[in-house]
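In case you want the letters, here they are:
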Amino acid sequence: DILENGAKQWLVSSMLSFVEDGVNSRGTEFHIDNSKLVKEILILIFKNDNSKIHDYEELNMTALNSTKGKLYSSMFLYSLWHSRNSGYDDSENGIWDKDLQEIATMLLKENSNVLFHHTVGKFLPNIAYLDKQWVLDNFNEIYSQTNGEVFSAAIDGYFFYNNQPNKFLFDLFEQRQIFEK
């Protein structure tokens, strides 16, 4: 490695901030022709980032300030950007990039990644837009009945960032008795 651990973490964090800025819709976004490269960067970081997560005591701060938290957010932001710009809009049949969806499913099935569950909670309305069926199929893993820590992280992520009621998710919370927990 040519970079020391602190420099490597700074570089990864800076790259993820660059991706986040490039997939926003404020006029500075990447061109859709760059989507494959952007996705490859995200997957490369996912496979190689082994940095330690500094615990800020508040999960929201850890998600915002760790490379893993930034990576998870960037994956969802990229997927939303790609769906907006690729011209494919059929959320009933899923418009989520399959490679990133596969990574998300794998992380979810581990049932131990508090930071990822928090980020899924944060982006749950967006994920439902990308693929409602995935949300339905994985709802019990998102709000795990066997791991209270990831359950709390997902609840915290959802309600901290989503103050607009979403009928689909509200009905799902009610059907799956989440409000009773």
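Anything mentioned here points back to the structure above.
What you see is a predicted model; the values in this text were computed from it and never measured. (Residues numbered from 1 in each chain as written. Predicted model: local features only at pLDDT ≥ 70, side-chain atom pairs only at ≥ 80, totals over all residues. Heavy atoms only, no water.)

Caption draft 1: Here's a closer look at the overall build of the protein chain. Broken down by element type, the protein chain carries nine helices and zero strands. Starting at the N terminus and ending at the C terminus, the protein chain contains elements arranged as α-α-α-α-α-α-α-α-α. Going through the 181 residues of the protein chain one by one, you find that 46% of them count as buried. Within the protein chain, counting contacts between residues at least 6 apart in sequence, those at least 24 apart form 71% of the total. Accessible surface for the protein chain amounts to roughly 10,100 Å². Of this, 51% is attributable to carbon and sulfur atoms. (Helix = DSSP H or I, 4+ residues; strand = E, 2+ residues; numbered from the N terminus. Buried < 20%, exposed > 50% of the residue type's maximum accessible area, 1.4 Å probe, protein only. Contact = heavy atoms within 4.5 Å. Areas by Shrake-Rupley, 256 points an atom, 1.4 Å probe, with all protein chains shown as cover.)

Caption draft 2: Focus on the environment of isoleucine 95. Among the secondary structure elements, isoleucine 95 is positioned in the loop between helix H4 (67–85) and helix H5 (98–110). The spacing of isoleucine 95 and aspartate 131 is 36 residues in sequence and 6.2 Å in space, taken between C-alpha atoms.

Caption draft 3: The side chain of aspartate 97, seen in detail. Looking at the element boundaries, aspartate 97 is found in the loop between H4 and H5. For aspartate 97, a relative accessible area of 13% corresponds to the buried category. A polar side-chain atom of aspartate 97 sits 3.0 Å from the main-chain amide nitrogen of leucine 100. Not counting residues up to four positions away in its chain, the partners in contact with aspartate 97 are Lys39 and Ser79. (Polar contact = N/O pair within 3.5 Å; in protein donor to acceptor, adjacent residues only side chain to side chain.)

Caption draft 4: Quick look at the pattern of salt bridges. The full count for this structure, using the stated rule, is six salt bridges. One salt bridge in this structure joins aspartate 49 and lysine 68, with 3.4 Å as the shortest N-O distance. Of this pair, aspartate 49 sits in the loop between helix H2 (35–48) and helix H3 (59–65) while lysine 68 is found in helix H4, placing the two residues 19 residues apart along the sequence. Judged by its relative accessible area of 12%, aspartate 49 is buried. Judged by its relative accessible area of 16%, lysine 68 is buried. (Salt bridge = Lys/Arg side-chain N within 4 Å of Asp/Glu carboxyl O.)

Caption draft 5: Expanded view of the packing of helix H6 (residues 114–130) against helix H8 (residues 148–161). Where H6 meets H8, the axes come as close as 7 Å, and the angle between the chain directions of the two elements is 35 degrees. Between H6 and H8 lies a crossing whose hand is right-handed. Across the interface between the two elements, Val114, His117, His118, Gly121, Lys122, Leu124 and Pro125 from H6 touch Glu149, Val150, Ala153, Ala154, Asp156, Gly157, Tyr158 and Tyr161 from H8. (Axes fitted to C-alpha atoms, helices over the stretch in contact; angles between N-to-C directions. Left-handed = near helix turned anticlockwise from the far one by under 90°.)

Caption draft 6: The arrangement of unusual backbone geometry in detail. Non-glycine residue asparagine 111 carries a positive phi angle of around 55 degrees. Tracing the backbone shows asparagine 111 in the loop between H5 and H6. Unlike most non-glycine residues, glutamine 177 shows phi in positive territory, near 60 degrees. Mapped onto the elements of the fold, glutamine 177 is located in the segment after helix H9 (167–175). Overall, the relative accessible area of 42% leaves glutamine 177 in the partly exposed class.

Note that all results are geometric; they support no functional claim without further evidence.
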